[in-house]
Amino acid sequence: MERLGRWSSGRGALYLLLAARIRTLIDEGELPPGAPLPPDRALATALAVGRSTVVAAYDLLCGEGRIVRRQGSGTRVAGPVAATARPTTEAPGFLHLLEPRDGVIMLACAAPDAPPPELVEAYARTVPRLADIAGDIGYHPMGHLALREALADRFTARGLPTTADRVLITTGGQQALTLLARALIRPGDRVLVQAPTYFGALEAFREEGAVLRTVPVTLGGFASALAHHKPVLSYAVSTFHNPTGSVLGPAVRRRIAAASAAAEVPLIEDEALTDLGFPGEPVPPPIAAHHDGVITIGSLSKVAWGGLRVGWVRATAAMIARLARMRTVFDLGGNVPAQLAAAELIPRLEPLLRRTAAERRAHHDHLRAELARHLPAWHAPAVPGGQTLWVRLPHGDARSFAQLALRHGVAVLPGSGLDPDGTSDDHLRLHFLAAPQELSEAVRRLAVAWREYDARPARATYPPAMAV
């Protein structure tokens, strides 16, 4: 169902919008010939629409020859059954939730919506350095040395002695995850993740054919899970966890580090949100401080701006060299001006972090107050940092409500895409980075959508036959 994305956000009758989205999935090969489609009632339930909407969409596509409907065998994409194909992204945030639409308030994808002044100033300082470059063709698969050294110094200052040969620069944190997944996972390998967790990591692991196994966000039972599942890799967001905002305590971090070392299972510690604590909130030392073999990834996308596209990996020199060879095949290296600007910004991050921490705390408090006023039955616990609230609905299915909310002009992220166990279907992730007046309007629209959703008769929430 997640592949349908923001199918209902256009203009026109709902059945036409639904048919258009399914048509696109068929034409682009996302739904291959012979692929089964969900039954009418199941899809209607999942999308929070009437069965007649789905029937009309299917009838239209049937008339075009794109699908076939037979009594007893269900609805399928027209054509022979295709060979098993490598799936593309199933998470609801990678395409449609990254594309702003007129009139839609985006509370799904959490990232600063404009470059901060500090980044603009950093770019200005790079201009003379660019003018002085000579004898450099600009291909740096490991990343520009200036940025690698700046990050090595920052890691060392945090208690993680690091040299530049232990740092790889990537095009954002997502490429770091993709490279590591490609290097460490083979089809059928088990990977241990928190439930829920960052959907970009889940997609990177699934793309390599991983079998996902889960532990709680608190990483309780981590050591026994390693022994039982025997994964080739584990992944954790230890600080301002995405999506719950929780922080693992120092004792838990020590136990996780010891368990990873004893089992000789690589652990990826995702630090993309580590610098986003609210004023006065303490941050424990990273897991890597207790076990130097932990692989650390980070990014400036959440700290500064997503458009900067600068991320990194800290690992052993051997692992960095291996990833750099893979990176050469991907793109020969990242954007040099962006890396030089990042090298200027890294040593000057603290004022930016202090300023934005106060802003994010105020927006966090404002969103929670608005939710308490307009949607008191929703449970939205406070968090000590990060960018998002993990909201539990009093009943119903977050996926179907998200579709209804979109028709009311708010894009939200349902928990189903962030949880391999499927136990977060009653949760939404909402970011609080928008301006207070925009957050207020978003909550007002969500309240209208919830009243409409809440007034509907109870329906079965069994999953469709296929996750479209």
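An account of the accompanying structure is given in this report. (Residues numbered from 1 in each chain as written. Predicted model: local features only at pLDDT ≥ 70, side-chain atom pairs only at ≥ 80, totals over all residues. Heavy atoms only, no water.)

## Some details on the pattern of salt bridges
Right, so step 1: Enumeration over the complete set of coordinates arrives at 25 salt bridges.
Right, so step 2: For R51, the salt bridge identified is with D40, shortest N-O distance 3.4 Å. Of the two residues, R51 sits in helix α3 (residues 51-63) while D40 sits in helix α2 (residues 40-47), which places them 11 residues apart along the sequence.
Right, so step 3: Relative accessible area serves as the criterion here: at 39%, R51 is assigned to the partly exposed category.
Right, so step 4: Here D40 falls in the buried class, since its relative accessible area comes to 11%.
Right, so step 5: Among the charged side chains, a network of salt bridges with common partners joins R23, D27, E64 and R66. (Salt bridge = Lys/Arg side-chain N within 4 Å of Asp/Glu carboxyl O. Helix = DSSP H or I, 4+ residues; strand = E, 2+ residues; numbered from the N terminus. Buried < 20%, exposed > 50% of the residue type's maximum accessible area, 1.4 Å probe, protein only.)

## Observations concerning the packing of α2 against α3
Right, so step 1: Contact geometry for α2 and α3: axes closest at 8 Å, N-to-C directions at 120°. By the angle between their axes, α2 is oblique relative to α3. For the element pair α2 and α3, the recorded crossing hand is right-handed. Residue-level inspection shows D40, R41, L43 and A44 of α2 in contact with α3, the latter providing R51, V54, V55 and Y58.
Right, so step 2: Its residues placed into classes, the contact of α2 with α3 shows five nonpolar, no polar and three charged. (Axes fitted to C-alpha atoms, helices over the stretch in contact; angles between N-to-C directions. Parallel < 35°, antiparallel > 145°, perpendicular 65-115°, else oblique. Left-handed = near helix turned anticlockwise from the far one by under 90°. Contact = heavy atoms within 4.5 Å. Nonpolar A, V, L, I, M, F, W, Y, C, P; charged D, E, K, R; others polar.)

## So, the nonpolar core
Where a protein is soluble and globular, its nonpolar side chains tend to be buried together.
Right, so step 1: Membership of the largest hydrophobic core comes to 48 residues, with the highest contact counts inside it found for L147, I256, L300, V310, W312 and L349.
Right, so step 2: Broken down by element, this core gets its largest block of residues, seven residues, from helix α11 (residues 336-345).
Right, so step 3: Leaving out residues up to four positions away in the same chain, W312 has contacts with L151, F155, V167, L168, I169, T170, A176, T296, I297, G298, S299 and L300.
Right, so step 4: Within the second largest apolar cluster, 31 residues are counted, among which are L375, A380, A402 and W450. (Core = buried A, V, L, I, M, F, W, Y, C linked by side-chain atoms within 4.5 Å.)

## Concerning the packing of helix α6 (residues 172-184) against helix α7 (residues 199-207)
Right, so step 1: At a closest axis distance of 9 Å, the pairing of α6 and α7 adopts a crossing angle of 30°. Taken together, the axis directions place α6 and α7 in an arrangement best described as roughly parallel. Both α6 and α7 take part in a crossing whose hand is right-handed. Across the interface between the two elements, Q174, L177, T178 and A181 of α6 pack against G200, A201, A204 and F205 of α7.
Right, so step 2: Tallied by class, residues from the contact of α6 with α7 come to five nonpolar, three polar and no charged.

## Section: the side chain of S260
Right, so step 1: Inspection of the secondary structure puts S260 in helix α9 (residues 250-263).
Right, so step 2: Discounting chain neighbours no more than four positions away, the residues touching S260 are F222, L226, V265, L267 and H291.

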